[in-house]
Amino acid sequence: MLKCLVIINPSSGKIRYKEYLPELTKVLTHKFNEIEFVYTEKKGDGIHYGRTINADTVIVVGGDGTIREVVNGLMQQKYIPKLGIIPAGTVNDLARALNIPLDPFKAIAVLKKDTVKYIDVGKLNETYFISLVAIGGIPQAIHDVQSESKTKWGRAAYFFNGAKYAMKQQPFTYEMKSDNHSMSGESSLVVLSLLNSVAGMGRFFQDARPDDGRFRIMVFPTFKFLKAGYYVARILAGKIQENKEVAIYSTKEVSLILSKPYSLNVDGEKEQGRELHIQVIPKILPVYSSQ
Ligand SMILES: Nc1ncnc2c1ncn2[C@@H]1O[C@H](COP(=O)(O)OP(=O)(O)OP(=O)(O)O)[C@@H](O)[C@H]1O
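Sequence order as written defines residue numbering, which begins from 1 separately in each chain. Two thresholds apply to this predicted model, a pLDDT of at least 70 for residue-level local features and 80 or more for giving and counting side-chain atom pairs, whereas whole-chain, interface and lining totals are computed over all residues.

For the protein chain, the name recorded in an unreviewed UniProt entry is Diacylglycerol kinase family lipid kinase, with Jeotgalibaca porci as its organism. As its UniProt record puts it under Sequence similarities (unreviewed entry), the protein chain is described as follows: "Belongs to the diacylglycerol/lipid kinase family." UniProt positions are given in the numbering used here, feature names are shortened, and annotations may be inferred rather than shown by experiment.

Undergrad: So what exactly am I meant to see when it comes to the overall build of the protein chain here?
TA: Looking only at helices and strands, the protein chain features nine helices and 14 strands. For the protein chain, buried positions account for 44% of its 291 residues. Going along the chain from the N terminus, every DSSP run of H or I of four or more residues is numbered as a helix, and every run of E of two or more is numbered as a strand. Any residue surrounded by 20 or more other C-beta atoms within 10 Å of its C-beta is treated as buried, while 12 or fewer makes it exposed and the intermediate range makes it partly exposed; C-beta atoms here are placed from the backbone.

Undergrad: Explanation requested: the packing of helix α2 (residues 45-52) against helix α3 (residues 64-74) in the structure shown.
TA: If you want to describe how two helices pack, look at the angle between their axes and the distance between the axes. Between N-to-C directions, angles span 0 to 180 degrees; the directions come from axes that are lines fitted to C-alpha atoms, helices contributing only their stretch in contact. Here α2 crosses α3 at 35°, and the two axes come no closer than 6 Å. In the crossing of α2 with α3, the sense of the turn from one axis to the other is right-handed. Across the interface between the two elements, G46, I47, H48, Y49, G50 and R51 of α2 pack against T66, E69, V70, V71, N72, G73 and L74 of α3. By convention the crossing between two helices is left-handed if the near helix lies anticlockwise of the far one by an angle smaller than a right angle, and right-handed if it lies clockwise. Each residue is represented by a C-beta atom placed from its backbone, and any two residues with such atoms within 7 Å are regarded as in contact.

Undergrad: Explain the site of the ligand to me, please; I cannot follow it from the model alone.
TA: Looking at the ligand, there are 22 residues lining it, with G13, T40, G63, G65 and G89 nearest. Take the shell around the ligand: its biggest share by element is four residues, from α3. For the shell around the ligand, the class distribution of residues is two nonpolar, 13 polar and seven charged. Whether a residue is near a molecule or strand depends on its C-beta atom, placed from the backbone, lying within 6 Å of it. We call Asp, Glu, Lys and Arg charged. Ala, Val, Leu, Ile, Met, Phe, Trp, Tyr, Cys and Pro are nonpolar, and the rest, Gly among them, are polar.

Undergrad: Just to check I follow, could you spell out unusual backbone geometry for this structure?
TA: Excluding glycine, a negative phi dihedral is what most residues carry, and trans is how most peptide bonds are arranged. Positive phi values are uncommon outside glycine, yet N125 reaches one of about 50°. Backbone geometry at D267 places phi at a positive 50°, although glycine is not the residue there. Position of D267 among the secondary structure elements: in the loop between β13 (253-266) and β14 (269-288). With 27 C-beta atoms counted inside 10 Å, the residue D267 sits in the buried group.

Undergrad: What's the story with the domain arrangement of the protein chain in this structure? I'm lost.
TA: How big an interface is tends to be expressed through the accessible area that disappears when the partners come together. Per the domain assignment, the segments making up the protein chain are domain 1 (3-114) and domain 2 (129-282). The interface of domain 1 with domain 2 comprises 13 residues on the first partner and 16 residues on the second. Mapped by element, the contributors of at least two residues to the side of domain 1 that touches domain 2 are α3 and α4 (93-97). It is α3 that contributes the most residues to the side of domain 1 that touches domain 2, five residues altogether. Of the residues that constitute the side of domain 1 that touches domain 2, the class distribution is six nonpolar, three polar and four charged. All the domain ranges listed were derived from an automatic or database domain assignment.

Undergrad: How should I be thinking about the environment of I130 in this particular structure?
TA: Structurally, the position occupied by I130 is in the loop between β6 (127-129) and β7 (132-135). Accessibility expressed as a C-beta count within 10 Å gives 27 for I130, which makes it buried. A sequence separation of 65 residues divides I130 from L195, and the C-alpha atoms of the two residues are 8.5 Å apart.

Undergrad: Explanation requested: the environment of D179 in the structure shown.
TA: Tracing the chain through its elements places D179 in the loop between β8 (172-178) and β9 (182-187). For D179, a count of 10 C-beta atoms within 10 Å translates into the label exposed. Each C-alpha atom, one on D179 and one on N92, is 29 Å from the other, the two residues being 87 residues apart in sequence. Those residues in contact with D179, other than ones at most four positions away along the chain, are T251, K252 and E253.

Undergrad: Even after reading the chapter, I still don't get α3, so can you show me in this structure?
TA: Because each turn of an α-helix spans 3.6 residues, side chains separated by three or four positions in sequence point in the same direction. Counting buried positions over the eleven residues of α3 gives eleven, a clear majority of the element. Buried residues of α3: D64, G65, T66, I67, R68, E69, V70, V71, N72, G73 and L74, and no others.

Undergrad: Sorry, what's going on with helix α1 (residues 17-31) here?
TA: Here α1 contains 15 residues, and its C-alpha end-to-end distance of 20 Å stays within 8% of the 21 Å for a straight helix at 1.5 Å per residue. Those residues of α1 hidden inside the fold are in contact with β1 (3-8), β2 (34-39), β3 (57-62), β4 (82-87) and α5 (104-113). In this analysis, the expected span of each helix is defined as 1.5 Å times one less than the number of residues it contains.

Undergrad: Explain the nonpolar core here, please?
TA: As a rule of thumb, soluble globular proteins bury nonpolar side chains together. For our purposes the nonpolar core covers buried Ala, Val, Leu, Ile, Met, Phe, Trp, Tyr and Cys residues that link as a set through C-beta atoms within 7 Å. Core analysis: the largest hydrophobic core is formed by 76 residues, its most contacted members being V60 and I85. Of the domains in this structure, domain 1 (3-114) and domain 2 (129-282) are the two that each give at least three residues to this core. Not counting chain neighbours up to four residues away, the residues in contact with V60 comprise I7, T66, I67, V70, L83 and I85.

Shown next as C-alpha cells:
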C-alpha cells in the first residue's frame, strides 16, 4: 500500500496553499492509497515529521528552510522516502536548480511524471543542508528586498539593499582547507553552494548540478563602501565569475576556521558558527524533478 505524507508550512513566503490543495489532492489520489496532511506550527516541526515519517513519499509545500528541516529528519531514516517539492518560499533555490516550476499548479504537474533524480545533500558539522552556506549576509540581504521596493525600483532595489548591507559588515579572518586546496586571509563574503541558484539568482554558479557530488566555493576579498556596491552589481549581472580577485573552486569537503563566531546563512536561515566542516553526501536524496 503506497502512502504519502504532505508537510505544509503555512508561514512560508508566498504560501497560497488553499488555492491549490484540491489539485494536489487530486494528483496524489491517483498515485497513493493513503495521503496524510500535516502543518508545521513552529521551527523544528519539519525535522520531527521527517524523522518519524512512515510513508513512501513526502511532499513539502514550503521554501528551502522547510525542505532543509524535513531533509534533516529524513537523513536519520534507514530508508529515505522520495521527496516532492511544491515551492512556496521566498527563494526556492532547490526548486530552481531542479527546474521545478515556481507556479504551484505546474509544480504539482511534475509529480505526475514520476521522474525521480538522486541529488546531493550537504553536511555542515552535525546537520544537513540542501543548498547554501554563506558567511556574510549579502545573498540574504539581496533577497530580503521588500516586494513594494522591487515593483517600484526593479533591480536597483536589490542593488541598494545588498550594497547597504555589505558596507556595514565587518570582514572576517579565515583558514580554509579542502581536499584539493588551502587558503587563508581576510574576506567579507564566502559562499558555498551545492546548486547553481543562490538566493534566487540562477546564474550564480552556472556549471553546478544538484547531483555532481561537489559544491562550489566563492571567496571574496574584503570590501567596503563603493567596492561593496561594485561587487553586488557584478553578482546581480551574473558576471562575478569573471572577477580575478574572487577565488572560485569546487570541492567535496572543506574545513573552515573563522577567527571568531560569525553570522552564517544556511539555506536562507540565519545561524552563527566559527569552526565549520562541510562535506557533500552524493546522490543520496530521491527527489521528483522535471528532467
Ligand atoms: N507555522 C510556522 N510559523 C512560523 N515559522 C515556521 C512555521 N513552520 C515552520 N516554520 C519555520 O519557517 C522557516 C522558513 O520557512 P521556509 O523556508 O519554508 O519559508 P521562506 O523563508 O519564506 O522561504 P525560503 O527559505 O525559500 O526563503 C523554516 O525554517 C521553519 O523553521
